[in-house]
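Summary of the model geometry
Here's the letter readout for the chains.
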Amino acid sequence: MNREETLALYEQGADAWNKWANEMLEERKQLEEAGEWDTINYIPSLVGPLFLNFQGIPFNEKTRNWYKKSEANFSTKENPYRFSKSIDLSSFIFPSIAMIESAVFEKDCTLNEMHFLGEANFDNSVFIGSVHFNETIFESNAKFENSNFHEMADFTGVTFSDEAWFAHSTFCKTTLFIMSTFEGLTTFSAIQAKRGFSLSGASFVNEIPYFKQANFQEAPHLDDINFSRYIEPKGFINSILNPIASDLKARYQALKRIAVQAHDHENEQRFWAGELRSDRSLRTEDGGWNLRPLVSAFWWGNIAYGCFSDYGYSIVKPLISLFILLCIMTNIHIYAHHTLNKEPSLSSRTKTHITKQSNLKDCDIRSSAFRVAAKNGAIGLLQNPAKRSTFVRDYTCLYGTYNDNTTPKIPNSIFWIELFHTLFSAILIFLTLLGIRNNFKLK
């Protein structure tokens, strides 16, 4: 429909409008059932040596006629329209493209529970009054680039099933995307938000949104914001073996900056983890391999940080790793004792008399090995200093003494192993404390 037809039908109200919309949808259904609907919406065009597809007019004449009749044309960039009165499009159904580009809305707009089955184009529009899109559904692209919202912009509960574009838009007053769902690519790049901006409870299902160069004069609200678990970089193996979008890291960095501004420590940690995960793939976007990170200490540190602490968010992982390391070191000490003293294996309850290397009797090898491992694993740092002498006895029990019968004889190999054990244990203890801090939001 042209503008005059569109405005005339709008003036008749929602019932008349939706009657026309349903007739258009029924006509499309009949074309599809008769095999007369053209599903190819792209015209091939020769550019250089390659054929590239550009969105254009369907080949089928009946399909072209349907699009011409079903398009709602309120305003275009070439011929903008100014709404001098309040506009109410609540519950309107748009069967095809809705052109509301470069429009000026002088009064409040009530656009609740609308249903856009085709593209909705609000680019370059100016909303002087408040605007409400509550529970509206956009099944195709929703375009609001370079738009200006002078008063409240309420997108509460809106579903964006395809791409949502808000780049370079200005929000002068409170802006709400509470409980909204974004299923496609979402762009808030370079927006200006001069008052409260809330994404509380919003869900981003398939893509990390763009917030590059977004400016918020007041801290935005990100409470309970949700990212689907299917959003890249996904799981551990996938994040290494699957290609990652080159700009994904920058998207996470922008989100992290917003969380810092909002003093949202929890989301700051989540976005930091996403930033690190997006930087560990060994595949390029063209499907090739990039093995250079394998010689990078940062890459291995990234992997270890994720595995052993879930990027500072797990308490259980570093504790389990610490316990496993303690068990390994205990058995290394027992093995070294038996090897050096050429003794047979002993059960956990067996005690032995140390040979002439030691003047100690009734040593419990396993207990001594455990205490030595615990001490070198930094757990023993909590030991009462008055009882530190027991470690000398444990070393003597395991490895004997020098000729003075007082200085424990510690093999060089055990010394270096213990050095690395102490280092790794200290790191795991730090990660445990970091997990406690992050989970309980301690500063």
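Anyway, here's the lowdown on the structure attached to this text. A quick note: this is a predicted structure, and the numbers were derived from the prediction, not measured. (Residues numbered from 1 in each chain as written. Predicted model: local features only at pLDDT ≥ 70, side-chain atom pairs only at ≥ 80, totals over all residues. Heavy atoms only, no water.)

1. Comments concerning the packing of aromatic side chains
Summed over the entire model, instances satisfying the criterion amount to 53 aromatic pairs. On the numbers, 5.2 Å between centres and 70° between planes, the contact of Trp 17 with Trp 20 is edge-to-face. Separated by 3 residues within a single helix, Trp 17 and Trp 20 lie in helix 2 (residues 14-33), roughly one turn from each other. For the pair shown, Trp 17 and Trp 20 are each scored as buried. On the numbers, 6.0 Å between centres and 85° between planes, the contact of Phe 160 with Phe 166 is edge-to-face. For the residue pair Phe 160 and Phe 166, the accessibility class agrees, reading buried in each case. Positioned above the aromatic ring of Trp 66 is the side chain of Arg 28, whose terminal nitrogen or guanidinium carbon lies 5.6 Å from the ring centre. (Phe/Tyr/Trp six-rings, centres within 6.5 Å; stacked < 30°, edge-to-face > 60°. Helix = DSSP H or I, 4+ residues; strand = E, 2+ residues; numbered from the N terminus. Buried < 20%, exposed > 50% of the residue type's maximum accessible area, 1.4 Å probe, protein only. Lys NZ or Arg CZ within 6 Å of the ring centre and 35° of its normal.)

2. Re the packing of helix 1 (residues 3-11) against helix 2
Angle between the axes and distance between the axes are the two parameters that describe a pair of packed helices. Helix 2 packs onto helix 1 with a crossing angle of 125° between their chain directions and a minimal axis gap of 6 Å. Judged by the inter-axis angle, helix 1 sits oblique to helix 2. Note on element contacts: helix 2 touches helix 1 through Ala 16, Trp 17 and Trp 20, opposite Thr 6, Leu 9 and Tyr 10. Across the contact of helix 1 with helix 2, the residue classes break down as 5 nonpolar, 1 polar and no charged. (Axes fitted to C-alpha atoms, helices over the stretch in contact; angles between N-to-C directions. Parallel < 35°, antiparallel > 145°, perpendicular 65-115°, else oblique. Contact = heavy atoms within 4.5 Å. Nonpolar A, V, L, I, M, F, W, Y, C, P; charged D, E, K, R; others polar.)

3. Thoughts on the environment of Thr 330
Summarising the element assignment, Thr 330 is placed in helix 8 (residues 316-341). With relative accessibility at 10%, the residue Thr 330 sits in the buried group. In this structure the C-alpha to C-alpha distance between Thr 330 and Val 372, which are 42 residues apart in sequence, comes to 7.7 Å. For Thr 330, the residues in contact, after removing those within four places along its chain, are Arg 366, Ala 369, Phe 370 and Ala 373.

The values reported here are purely geometric and, on their own, carry no functional implication.
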